[in-house]
Structure formats: C-alpha cells, structure tokens
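Residue-level structural notes
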Amino acid sequence: MKAPVRVAVTGAAGQIGYSLLFRIAAGEMLGKDQPVILQLLEIPQAMKALEGVVMELEDCAFPLLAGLEATDDPKVAFKDADYALLVGAAPRKAGMERRDLLQVNGKIFTEQGRALAEVAKKDVKVLVVGNPANTNALIAYKNAPGLNPRNFTAMTRLDHNRAKAQLAKKTGTGVDRIRRMTVWGNHSSTMFPDLFHAEVDGRPALSSWTWSGTRRSSSPPWPSGGRPSSRPGGPAAPPAPRTPP
Amino acid sequence: MAVPSQGEYGIPEGIVYSFPVTAKDGAYRVVEGLEINEFARKRMEITAQELLDEMEQVKALGLI
C-alpha cells in the first residue's frame with residue numbers, strides 16, 4: 001500500500017461535500033491503491049453538521065480512509081495537504097450585489113490562499129469549485145506567495161461534461177463516443193462550449209453525417225424540425241450555453 | 001480545466017481561464033495549435049473580458 005496523501009476539502013458539510021467525500025474515501029479520486037487522509041474544513045456554524053458527516057464516513061469503514069480531521073481552522077485543515085478542494089464559498093443572498101459577493105468570497109479565498117502558502121505541501125494541487133470559481137482561484141493564488149500559480153485551477157470539468165452529455169443527446173450517441181470537447185473561459189454564462197474540434201465516433205461533431213446519421217431517436221435534432229446545413233465543414237450554430245446553476 | 005493563463009491562444013496572462021488540457025504523470029498541459037475561427041474567437045474574447053472585469057473589481061477591493 002502506498003503512503004497516505006492528505007486531501008483537504010472545504011465546505012465539507014455541504015451538499016457537494018456529501019457526494020464528494022464518500023467517493024474520495026472509496027478511492028475514486030486517486031485510485032484504489034491510494035490511502036487518503038481527509039482534512040475537512042467548515043465554518044463554525046456548520047461544525048455540528050460536519051461532526052455528523054465524520055460519523056457517517058467512519059460508519060462506512062472505508063479501507064482507504066487512513067485518517068479524518070474536522071476543523072474550522074484553515075491552518076489545521078491545510079496542514080501538509082497534498083490536495084485542496086475549495087468547495088465552500090459564500091452564496092449570494094437576497095439584495096446582494098455582485099460586488100458584495102466578490103468581497104465576501106474575496107475574504108474567504110484570501111485567507112485560504114495565505115493558509116495554503118503557510119502550511120500546505122509546497123506542490124499542493126488546489127482545485128477551486130466555490131463560485132465565482134475562476135476569480136476565487138485568482139484571489140487564492142495571488143495571496144499564496146511561494147506556491148506555483150499553475151497549481152491553482154478552477155473546475156470547468158462540469159461544463160465540459162455537460163457539453164458532452166448535450167452533444168450525446170443531440171446525436172443519439174453516448175458520451176464515451178465523444179472526443180475533443182472543449183470549454184473556454186469563465187464558469188459563468190459566458191462559458192463557451194466549443195464543438196468545432198469535437199468528434200463523435202471519430203467524425204467532426206458538426207458534420208451533417210453526425211447529426212443526421214447517428215441519432216437513434218426518430219425526431220429531428222433541431223427544435224424547429226429543420227435540418228442543419230450540409231455544407232462540408234460549414235458550422236451550424238452551436239447550441240447556446242446553458243446558464244450554470 | 002480553468003488554469004492561470006500563460007498567454008495561450010492570446011488570452012491575457014494571469015486570469016484563470018478554461019482551456020483544453022491533457023494531463024500526464026501529475027502534470028497538465030494546455031492543448032496548443034487548435035484552429036480558432038471567427039465565431040469561436042469572438043466568444044472566447046467575451047468570456048476573457050468578463051474575467052478581466054472581475055479581476056479589476058477584485059483589485060479595486062484590495063483583494064489582490
């Protein structure tokens with residue numbers, strides 16, 4: 001068995017944490033041969049709930065779960081962390097302007113950037129999930145002197161997976177038959193899902209063959225019932241990006 | 001994956017921008033050399049601008 005690695009997760013008692021932690025503990029993030037020590041961070045108000053999550057993780061008796069820590073102190077949560085998943089962020093409340101949201105989250109990610117620089121392993125890999133993810137990641141790395149900015153990333157894999165699923169639906173195929181999906185930019189309504197390089201069964205996603213030749217359903221792929229242009233390489237306008245939740 | 005730009009595809013350096021990447025042996029690389037048409041370029045720029053605006057806002061708040 002390998003030596004355990006330390007995975008810090010913030011917002012650990014929240015909804016995302018409740019799906020995420022069990023999969024990490026089961027080996028689905030880092031592999032079935034990699035023991036993990038979970039170091040969980042919450043705000044003081046959520047510590048009781050976090051205690052409950054800890055009990056449930058213990059109840060599962062995951063063989064790969066080599067340790068479990070619950071705290072409201074970032075310097076404890078991030079101590080010697082190899083990975084940090086920054087899921088927790090302040091939600092927008094009624095009456096809040098975007099400026100207020102950035103300010104509240106700025107406080108969180110400034111503190112976390114500093115704590116990571118102070119106590120985490122020097123090559124800690126940080127994934128920011130809490131929104132606005134891209135800008136929170138920017139705040140975190142700018143406040144983490146001594147850490148490599150390229151080790152800070154923001155999650156757009158959801159956008160990528162969503163685009164794959166939508167393309168699979170439209171072409172009547174499965175996500176395993178899609179390659180080279182690309183999503184560009186901000187995890188927001190300006191996210192650009194790019195079909196121009198995507199392939200379905202090795203063929204360009206936007207070719208008329210793909211749209212007309214592979215769908216299993218009998219109804220047309222277009223809402224109006226119209227057919228896409230059959231000019232070779234001529235792009236039909238890609239589907240408009242869905243507003244992320 | 002959104003990563004700090006190092007200027008790939010002409011995206012301003014420093015902002016955290018989603019690029020196509022490949023990962024191997026614990027490291028990632030942005031996929032370079034993809035052809036970007038006008039339609040795509042426009043949309044890539046719109047989202048880059050939004051990120052630049054967010055960066056200016058956090059600078060003004062003294063966060064970075």
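For clarity, every value in this text was computed on a predicted model and none was experimentally measured.

Here we come to the packing of helix α5 (residues 133-142) of chain A against helix α1 (residues 38-60) of chain B. Across the interface, α5 of chain A lies against α1 of chain B with an axial gap of 10 Å and an inter-helix angle of 45 degrees. One way to sum up the angle between α5 of chain A and α1 of chain B is to call them oblique. In this structure, the crossing between α5 of chain A and α1 of chain B has a hand that is right-handed. In this structure, α5 of chain A uses Asn134, Thr135, Leu138 and Ile139 of chain A to contact α1 of chain B, whose residues at the interface are Leu51, Glu54, Met55 and Val58 of chain B. For the contact of α5 of chain A with α1 of chain B, the per-class residue count stands at five nonpolar, two polar and one charged.

Our focus in this paragraph is the interface of chain B and chain A. Tallying the contact residues gives 35 residues for chain B and 36 residues for chain A. Of the roughly 3,000 Å² buried where chain B meets chain A, counting both sides, 63% is carbon and sulfur surface. Together, Glu54, Leu61 and Leu63 of chain B form the three largest contributors to the area buried by chain B at its contact with chain A, with a combined 18%. Taken together, the links from chain B to chain A amount to one salt bridge. A salt bridge links Arg150 of chain A to Glu8 of chain B; the shortest N-O distance between them is 3.4 Å. For the pair chain B and chain A, the interface holds 20 residue pairs in polar contact (both at pLDDT 80 or more). Counting only elements with at least two residues in the side of chain B that touches chain A, the list comes to β1 (2-4), β2 (16-18), β4 (27-30) and α1 of chain B. For the side of chain B that touches chain A, the element with the most residues is α1 of chain B, which contributes 12 residues.

This part is about the nonpolar core. Core analysis: the biggest nonpolar cluster contains 48 residues, and Phe78 and Leu116 of chain A together with Tyr17 of chain B have the highest contact counts within it. The contact partners of Phe78 of chain A, leaving out residues within four places of it in the chain, are Ala8, Thr10, Gln39, Ala84, Leu86, Gln112, Ala115, Leu116, Val119 and Ala120 of chain A. Membership of the second largest hydrophobic core comes to 21 residues, among which are Val7, Ala25, Leu85 and Val87 of chain A.

Time to look at the confidence of the model for chain B. Caution applies to low-pLDDT regions: their predicted coordinates should not be interpreted in detail. Mean pLDDT for chain B: 97, with 100% of residues reaching 70 or above. We note a pTM of 0.87 for the whole complex and an ipTM of 0.98 for its interfaces.

Residues and elements named next belong to chain A. Where helix α1 (residues 15-25) contacts helix α2 (residues 47-59), the two axes come as close as 11 Å, and the packing angle between them is 35 degrees. For the pair α1 and α2, the crossing hand works out as right-handed. Contacts between α1 and α2 involve Tyr18, Leu21, Phe22 and Ala25 from the first element and Val53, Glu56 and Leu57 from the second. Looking at side-chain class alone, the contact of α1 with α2 contains six nonpolar, no polar and one charged residues.

It is worth spelling out the pattern of salt bridges at this point. All names here are of chain A. A complete count under the given rule lists 12 salt bridges over all chains for this structure. Close ionic contact of Glu51 with Lys48 constitutes a salt bridge, the shortest N to O distance being 3.8 Å. One end of the pair is Glu51 and the other is Lys48, both in helix α2 and three residues apart, which spans about a single turn. Residue classification places Glu51 among the partly exposed positions, given a relative accessible area of 43%. On the basis of relative accessibility, which here comes to 67%, the residue Lys48 falls in the exposed class.

Reading the values: rules and limits
- Residues numbered from 1 in each chain as written.
- Chains lettered and ligands numbered in written order.
- Predicted model: local features only at pLDDT ≥ 70, side-chain atom pairs only at ≥ 80, totals over all residues.
- Heavy atoms only, no water.
- Axes fitted to C-alpha atoms, helices over the stretch in contact; angles between N-to-C directions.
- Helix = DSSP H or I, 4+ residues; strand = E, 2+ residues; numbered from the N terminus.
- Parallel < 35°, antiparallel > 145°, perpendicular 65-115°, else oblique.
- Left-handed = near helix turned anticlockwise from the far one by under 90°.
- Contact = heavy atoms within 4.5 Å.
- Nonpolar A, V, L, I, M, F, W, Y, C, P; charged D, E, K, R; others polar.
- Buried area = accessible area lost by both parts, 1.4 Å probe.
- Salt bridge = Lys/Arg side-chain N within 4 Å of Asp/Glu carboxyl O.
- Polar contact = N/O pair within 3.5 Å; in protein donor to acceptor, adjacent residues only side chain to side chain.
- Core = buried A, V, L, I, M, F, W, Y, C linked by side-chain atoms within 4.5 Å.
- Buried < 20%, exposed > 50% of the residue type's maximum accessible area, 1.4 Å probe, protein only.
- pLDDT = per-residue confidence, 0-100.

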